[in-house]
Amino acid sequence: MPEPPRIPEEHPADPIARAYSPGRVNLIGDHTDYNGGLALPMAVDLGTTVTFTPDSTFRVVMSSAGEPEPAEVDIHLRFEPELIRTSTPAWGRYVAAIVALVRPFTGGRGRIDSTLPVGAGLSSSASLEVALALALGFHAEPITMARTCQSAEHAATGVPCGLMDQLVVSAAEDGGALLIDFSDLSRRTVAIPEGLEVVVVHSGHRRSLDHSPYAARRAECEAASYGLGPLGHLRPEDLVGIADPQLRSRARHVVTECDRVRWFCAALETGDLAEAGRLMTASHRSLAEDFEVSTPALDDLVVHLVSLEGVYGARLTGAGFGGCVVSIAEPGAIDLTAFSTPAWRVRPSAGARVLA
Ligand code: GLA
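Residues numbered from 1 in each chain as written. Predicted model: local features only at pLDDT ≥ 70, side-chain atom pairs only at ≥ 80, totals over all residues. Heavy atoms only, no water.

*Asks:* So what exactly am I meant to see when it comes to the packing of aromatic side chains here?
*Replies:* Taken as a whole, this structure holds one aromatic pair when the rule is applied. Taking 5.6 Å as the distance between ring centres and 70° as the angle between the ring planes, the aromatic pair formed by Tyr 34 and Tyr 214 counts as edge-to-face. With Tyr 34 in the loop between β1 (17–26) and β2 (38–39) and Tyr 214 in helix α6 (residues 214–225), the pair connects residues that are 180 residues apart, well separated along the chain. (Phe/Tyr/Trp six-rings, centres within 6.5 Å; stacked < 30°, edge-to-face > 60°. Helix = DSSP H or I, 4+ residues; strand = E, 2+ residues; numbered from the N terminus.)

What follows is the structure, encoded as structure tokens:
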């Protein structure tokens, strides 16, 4: 007699999902992503872990360590930036935007834990967006993941950020920084030499891009590129075609920064760390003088760091207007306890992933 069909084993009752995304520090190449240029961000060993347990409700309820109120979002929420940008609590706007975009099948409850400082320019929000999207079951190749989370960031904050942060935290490989060419989104990993230390120091000024001139800088770049094409594709000799001196300075930063990214990668790959450091410090000067996104605290930190024995170079990292400075140095050259603000020694990390 044939055996009766077996009753399949039940699925586990508690299909808890856990996902992790790193933050990032940008080694060189700032305000180049939205200009079709080059950048070299590095995913770091600080990041966000999201756990999520689906249930049979229609609400996603997420709590976050350090936030008194949970974010509660209806899974049928429409992706309307106006609705998302005015929802409360304010931190939950990221959750609302991701839920509205990835449309989980059911509600559920979850928790967000992060080792990243908020408002420091280390991409805590991109890290949250990508880890949450993964925990809610959205799986996509890095460019689609990054574009989805960039749309979430635009809706949640109103800031027209580029694609760098979401792309590097999705696509990074362990052991290196990610050289991204924003003209075609091609990328390759550039190894961080053994024994090179990457140190991040907070300037003490938290920054929030929605109250900064980030959007104004982006608009200035667009105005400067009028009739010439994306600034990331221009050569220094093309700058004479920009009549307005302020717009010409903005464009000069982008054009020279893309060259610095190229040369920095070459310097890392040939082990010329002194040259790599000089390029970082030159990048800071360009961001401060031509792009005008530095602050006195960031400038002071750069001057202090490069005066230390064994430090190759330092620059503000990310958008500027506050946040952190990144520095490369010989091991042990920078004493983290010597600062009155938080400081971290960071290591390259792989990109976001679902955890077992
Ligand atoms: C922020 C944005 C990025 C990029 C940097 C500046 O981090 O999110 O897209 O423009 O500023 O390089």
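There is more to say, and it comes next.
*Asks:* Before we go on, may I ask you to explain the layout of surface pockets in this structure?
*Replies:* A probe as big as a water molecule, rolled over the atoms, marks out the empty space that is left. Taken as a whole, the largest pocket holds about 1,100 Å³ of empty space. Lining the largest pocket are 50 residues, and of these Tyr 94, Val 118, Gly 119, Ser 124 and Ser 125 lie nearest its centre. For the lining of the largest pocket, the secondary structure elements donating two or more residues are α2 (93–102), β6 (108–114), α3 (124–135), α4 (142–157) and α5 (164–171). A total of four residues in the lining of the largest pocket trace back to one element, the largest contributor, which is α3. When the residues that make up the lining of the largest pocket are grouped by side-chain class, the tally is 20 nonpolar, 18 polar and twelve charged. Taken domain by domain, the makeup of the lining of the largest pocket includes at least three residues from each of domain 1 (17–188) and domain 2 (192–346). (1 Å grid on protein atoms, 1.4 Å probe; cavity = no way out; pocket = protein on both sides within 12 Å on 5 of 7 lines; lining within 4 Å. Points joined across faces, edges and corners; volume = space filled by probe spheres on them. Nonpolar A, V, L, I, M, F, W, Y, C, P; charged D, E, K, R; others polar. Domains from an automatic or database assignment.)

*Asks:* Explain the environment of Gly 227 here, please?
*Replies:* If you trace the backbone, Gly 227 turns up in the loop between α6 and α7 (245–270). Given the relative accessible area of 77%, Gly 227 is considered exposed. For the pair Gly 227 and Gly 241, spaced 14 residues apart in sequence, the C-alpha separation works out to 9.1 Å. (Buried < 20%, exposed > 50% of the residue type's maximum accessible area, 1.4 Å probe, protein only.)

*Asks:* Even after reading the chapter, I still don't get the site of the ligand, so can you show me in this structure?
*Replies:* Around the ligand lies a shell formed by Arg 24, Asp 30, His 31, Asp 33, Tyr 34, Cys 161, Gly 162, Met 164, Asp 165, Tyr 214, Gly 318 and Ala 319. Between an oxygen atom of the ligand and a side-chain N or O atom of Asp 165, the distance comes to 2.7 Å. Within the complex, 98% of the 310 Å² of free accessible area of the ligand lies under protein. If you map the ligand onto the pockets, it falls in the largest pocket. Across the shell around the ligand, the residue classes break down as five nonpolar, three polar and four charged. Summarising the domain contributions, the shell around the ligand has at least three residues from each of domain 1 (17–188) and domain 2 (192–346). (Near = heavy atom within 4 Å. Polar contact = N/O pair within 3.5 Å; in protein donor to acceptor, adjacent residues only side chain to side chain. Areas by Shrake-Rupley, 256 points an atom, 1.4 Å probe, with all protein chains shown as cover. Sits in = over half its atoms within 2 Å of the grid points.)

*Asks:* I'm lost on the domain arrangement of the protein chain in this one. Help?
*Replies:* A common way to express how large an interface is: the accessible area buried when the components associate. Here the domain parsing of the protein chain yields domain 1 (17–188) and domain 2 (192–346). Taken together, the contacts link 38 residues of domain 1 with 46 residues of domain 2. The salt bridge partner of Arg 188 is Glu 269, with a shortest N-O separation of 2.8 Å. Summed over the shared surface of domain 1 and domain 2, the number is 17 residue pairs in polar contact (both at pLDDT 80 or more). Listed by contribution, the elements that provide at least two residues to the side of domain 1 that touches domain 2 are β1, β2, β3 (41–54) and β7 (176–181). When grouped by side-chain class, the residues that make up the side of domain 1 that touches domain 2 number 19 nonpolar, 14 polar and five charged. (Contact = heavy atoms within 4.5 Å. Salt bridge = Lys/Arg side-chain N within 4 Å of Asp/Glu carboxyl O.)

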